[in-house]
Amino acid sequence: MDIELAKEKVKPHLTKERYEHSLRVAETAKMLADRSGEDVRKLELAGVLHDYAKYRPQEELARWIKSSTLPKDLLAFHHELWHGPVGALLIEKELGIKDKVIQGAIRYHTTGAANMNKFEMIIFLADYIEPGRSFPGVNEVRKVAENNLQQACWMALSNTIHFLVGKGATVYPDTFYAYNYLTRLGY
Ligand code: DGI
Ligand code: FE
Ligand code: FE
Ligand code: FE
């Protein structure tokens, strides 16, 4: 799909702020792609599309999880985690985008996953470090992301786990798997 068409398709589903965030994620992903060898056009598309399902009603998101092959354990965790996996499904059903690489990156953009590929790491990180973000520690992640995607992902995952545990929230297993995987690699 052409990038301008993707923007048109996404826009009515998002708030103005969320749409602008999505454009910044796309730009940041392009920047991170520089020396990665990844397909820049595809990364831009994934960035534009990554929050496609963000504002679907909770009941609709839950229905898609129940009626698809998506993991049912998602339903026992915070509904904020549902828009990635469901978004990956809906861009195929509603927009006809069947690209498994784009779908994988959208699916895991919130939780992360063990053994993420470079494309998935770039979208995961772009969502975390786009210029509109101001999490504590985000500047350190921005700096590291310029040279080391795996280390930057490890930092983002570690920050998020600390943040969630700090407020007594649950942490989805994929977030731990992603963290553990990169920790074992030495990051
Ligand atoms: O959709 P966005 O707001 O752009 O960002 P996102 O899809 O990364 O959502 C992130 C939020 O999800 C963040 O505030 C933390 C929250 N969250 C809740 N449970 C978990 C979680 N994030 C991760 N990685 N793992 C969880 O288990
Ligand atoms: Fe998101
Ligand atoms: Fe994120
Ligand atoms: Fe996002």
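Scope of this entry: the structure provided in the associated data block.

Rules used throughout
- Each chain carries its own residue numbering, running from 1 in the direction its sequence is written.
- Chain labels run from A onward and ligand labels from 1 onward, assigned in the order the entries are written.
- Per-residue local features are limited, in this predicted model, to residues with pLDDT of at least 70; the limit for side-chain atom pairs, both in listing and counting, is 80 or more; totals at the level of whole chains, interfaces and linings are taken over all residues.
- Based on all heavy atoms of the structure, the side-chain values leave hydrogens and waters out of the count.
- Only heavy atoms are used to decide nearness, and a residue is near a molecule or strand if one of them lies within 4 Å of it.
- In protein, a polar contact means a hydrogen-donor-capable atom and an acceptor-capable atom, both N or O and within 3.5 Å, with residues adjacent in sequence counting only if both atoms are side-chain atoms; elsewhere, any N or O pair within 3.5 Å suffices.
- Shrake-Rupley sampling with a 1.4 Å probe provides the accessible areas, and residues are treated as covered by the protein chains on show and by no other component.
- Helix and strand definitions here come from DSSP, where helices need a minimum of 4 consecutive H or I residues and strands a minimum of 2 consecutive E residues; each element is numbered from the N-terminal end.
- Here the expected span of a helix is defined as 1.5 Å times the quantity of residues minus one.
- Whether a residue is buried, partly exposed or exposed follows from its accessible area with a 1.4 Å probe, protein chains only, as a fraction of its type maximum: under 20%, in between, or over 50%, in that order.
- By the convention used here, residues are in contact when the closest approach between their heavy atoms is within 4.5 Å.
- Every axis in this analysis is a line fitted to C-alpha atoms, fitted for helices over the stretch in contact. Angles between the N-to-C directions lie between 0 and 180 degrees.
- For classification, angles of less than 35 degrees are called roughly parallel, those exceeding 145 degrees roughly antiparallel, those between 65 and 115 degrees roughly perpendicular, and all remaining angles oblique.
- Should the near helix be turned counterclockwise from the far one by less than a right angle, the crossing is left-handed, whereas a clockwise turn marks it as right-handed.
- The residue classification treats Ala, Val, Leu, Ile, Met, Phe, Trp, Tyr, Cys and Pro as nonpolar and Asp, Glu, Lys and Arg as charged. All others, Gly included, are polar.
- Aromatic contacts are taken between Phe, Tyr and Trp rings whose centres are within 6.5 Å, Trp giving its six-membered ring; a plane angle under 30 degrees counts as stacked, one over 60 as edge-to-face, and the others as tilted.
- Metal-coordinating donors are taken as N, O and S atoms lying within 2.8 Å of the metal, or within 3.2 Å when the metal is Na, K or Ca; because water is left out, some sites can appear incomplete.
- Salt bridges are counted wherever a side-chain nitrogen of Lys or Arg sits within 4 Å of a carboxyl oxygen of Asp or Glu.

A few words now on the site of ligand 1. Near ligand 1 you find 17 residues, and of these R18, K54, T110, R133 and Y172 are the closest. Between D51 and ligand 1, the recorded distance is 3.1 Å, taken from a side-chain N or O atom to an oxygen atom. Taking H109, its side chain carries an N or O atom lying 3.0 Å from an oxygen atom of ligand 1. Relative to its unbound accessible area of 580 Å², ligand 1 is 83% covered by the protein chains. Elements supplying a minimum of two residues to the shell around ligand 1: α2 (16-33) and α9 (149-166).

This part takes up α2. Three- or four-residue spacings in an α-helix give side chains the same orientation, since the helix completes a turn every 3.6 residues. With 18 residues, α2 extends 26 Å between its outermost C-alpha atoms, agreeing within 8% with the 26 Å of an ideal straight helix rising 1.5 Å per residue. R18, Y19, H21, S22, V25, A26, T28, A29, L32 and A33 are the residues of α2 that are buried. Buried residues in α2 make contact with α1 (3-10), α3 (40-49), α7 (118-129) and α8 (138-145).

Before going further, it helps to spend a moment on unusual backbone geometry. The residue N115 is not glycine, and still its phi comes out positive at about 55°. Of note, N115 is situated in the loop between α6 (100-107) and α7.

With that out of the way, let us pick up the packing of α2 against α7. Axes are the key here: two packed helices are described by the angle between their axes and the distance separating the axes. Orientation of α2 relative to α7, taken along the N-to-C sense of each, is 125°, at an axis distance of 8 Å. When the axes of α2 and α7 are compared, the pair comes out oblique. In the packing of α2 onto α7, the handedness of the crossing is right-handed. Seen from α2, the contacting residues are H21, V25, T28, A29, L32 and A33; seen from α7, they are I122, I123, L125, A126, D127 and I129. For the contact of α2 with α7, the class distribution of residues is nine nonpolar, two polar and one charged.

Enumeration over the complete set of coordinates arrives at three aromatic pairs. Relative to Y179, the ring of W154 lies with its centre 5.7 Å away and its plane at 25°, an arrangement referred to as stacked. With W154 in helix α9 and Y179 in helix α10 (residues 173-185), this residue pair connects regions lying 25 residues apart in the sequence. Taking the relative accessible area as the measure of exposure, W154 reaches 21% and is therefore partly exposed. A residue is classified by how much of its surface remains accessible, and Y179, at 24% relative accessible area, is partly exposed.

Protein ligation of the iron ion (ligand 2) involves D51 (OD), H83 (NE2) and H109 (NE2), the donor distances falling in the range 2.1 Å. In the primary structure, the donors to the iron ion (ligand 2) are separated according to the pattern D-x31-H-x25-H. The metal-metal distance between the iron ion (ligand 2) and the iron ion (ligand 3) is 5.6 Å. Here D51 is found in the loop between α3 and α4 (58-67), whereas its partner H109 is found in the loop between α6 and α7, with 58 residues between them in sequence. You'll find D51 and H109 in the same group, each marked buried.

For the structure shown, the criterion picks out twelve salt bridges. One salt bridge connects K7 with E4, and the closest N-O pair in it is separated by 3.4 Å. Here the residue K7 and the residue E4 both occupy positions in helix α1, the gap between them amounting to three residues, near one helical turn. Taking relative accessible area as the criterion, K7 reaches 18% and is therefore assigned buried.

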